[in-house]
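Remarks on the overall topology
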Amino acid sequence: GAVVSQHPSRVICKSGTSVKIECRSLDFQATTMFWYRQFPKQSLMLMATSNEGSKATYEQGVEKDKFLINHASLTLSTLTVTSAHPEDSSFYICSARALGGQGARGGNEKLFFGSGTQLSVL
Amino acid sequence: QKEVEQNSGPLSVPEGAIASLNCTYSDRGSQSFFWYRQYSGKSPELIMSIYSNGDKEDGRFTAQLNKASQYVSLLIRDSQPSDSATYLCAVKRLVYGGATNKLIFGTGTLLAVQP
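Here goes a summary of the coordinates provided. Model, not experiment: these values are computed from the prediction.

Looking at the pattern of salt bridges
Evaluation of the coordinates by the stated rule reveals five salt bridges over all chains. Here A:Glu22 ties to A:Arg24 by a salt bridge, and the two come within 3.6 Å at their closest N and O atoms. For A:Glu22, a relative accessible area of 26% corresponds to the partly exposed category. Across the salt bridge formed by B:Glu45 and B:Arg37, the nearest N and O atoms sit 3.2 Å from each other. Accessibility expressed as a relative area gives 14% for B:Arg37, which makes it buried.

Here's what the structure looks like:
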């Protein structure tokens, strides 16, 4: 099955620093990747949709200058949390969309999730 | 009104019983429906997908969809302690004129299967 690798799995940083999270599709090409944030005991909230070679589309209320997304290739998208603050502490998860025939069973579009990154800002 | 609503639970069932998880959605334009299982601190994993009205069975899992009532459910037969997790309902809808689409998640229902 399709594999999405997300790195790092856990990061602790000081307030004011920037943190970069990588999301790679290992065995398929992902023209679209999604970035989610999940606070404890809450659901996944979509932050932005990342399309290869174009600017990301951010959900309402998500600051694009704070959460920088780059999707430079068909297998890699990065999320950079700039000037992180304690309220940015959360579980960040990426997902990649595989088109029919690329790790997608039955030819249907499937989403594959990374393993998530737990960010703790001190 | 939330776009995708679930009872947060916890839903407690004895081992071997049927667990019934429910979800309602507000956007009638929603096209596809998914159930994900998420263990604490882990990313979601897809359990079932359903696209048409009716039932879809896969092993111990049955997804049910009623588009008229905007309702989707997941039944887990012969529940096992290892099924204890948060179950997320997700709905896909078209956006941006159909150029792309996105998954909207419910808050999840915590299932606890008692041995």
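Structural notes on the state of the cysteines
In the structure shown here, the tally under the stated rule is two disulfides over all chains. Here A:Cys23 connects covalently by a disulfide to A:Cys94, the sulfurs 2.0 Å from one another. An S-S torsion of about 80° defines the bridge between A:Cys23 and A:Cys94 as right-handed. Remark: A:Cys94 occurs in strand E9 (residues 90–98) and A:Cys23 occurs in strand E3 (residues 19–25); sequence separation between them is 71 residues. With relative accessibility at 0%, the residue A:Cys23 sits in the buried group. On the accessibility criterion, A:Cys94 (0% relative accessible area) is buried. Each sulfur of the disulfide joining B:Cys23 and B:Cys89 lies 2.1 Å from the other. Disulfide B:Cys23-B:Cys89: torsion about the S-S bond near -70°, hence left-handed. In this pair, B:Cys23 is assigned in strand E3 (residues 19–25) and B:Cys89 in strand E9 (residues 85–95), connecting sequence segments 66 residues apart. Side by side, B:Cys23 and B:Cys89 carry an identical accessibility label, which is buried.

About the cut-offs
- Residues numbered from 1 in each chain as written.
- Chains lettered and ligands numbered in written order.
- Predicted model: local features only at pLDDT ≥ 70, side-chain atom pairs only at ≥ 80, totals over all residues.
- Heavy atoms only, no water.
- Salt bridge = Lys/Arg side-chain N within 4 Å of Asp/Glu carboxyl O.
- Buried < 20%, exposed > 50% of the residue type's maximum accessible area, 1.4 Å probe, protein only.
- Disulfide = S-S within 2.5 Å.
- Helix = DSSP H or I, 4+ residues; strand = E, 2+ residues; numbered from the N terminus.

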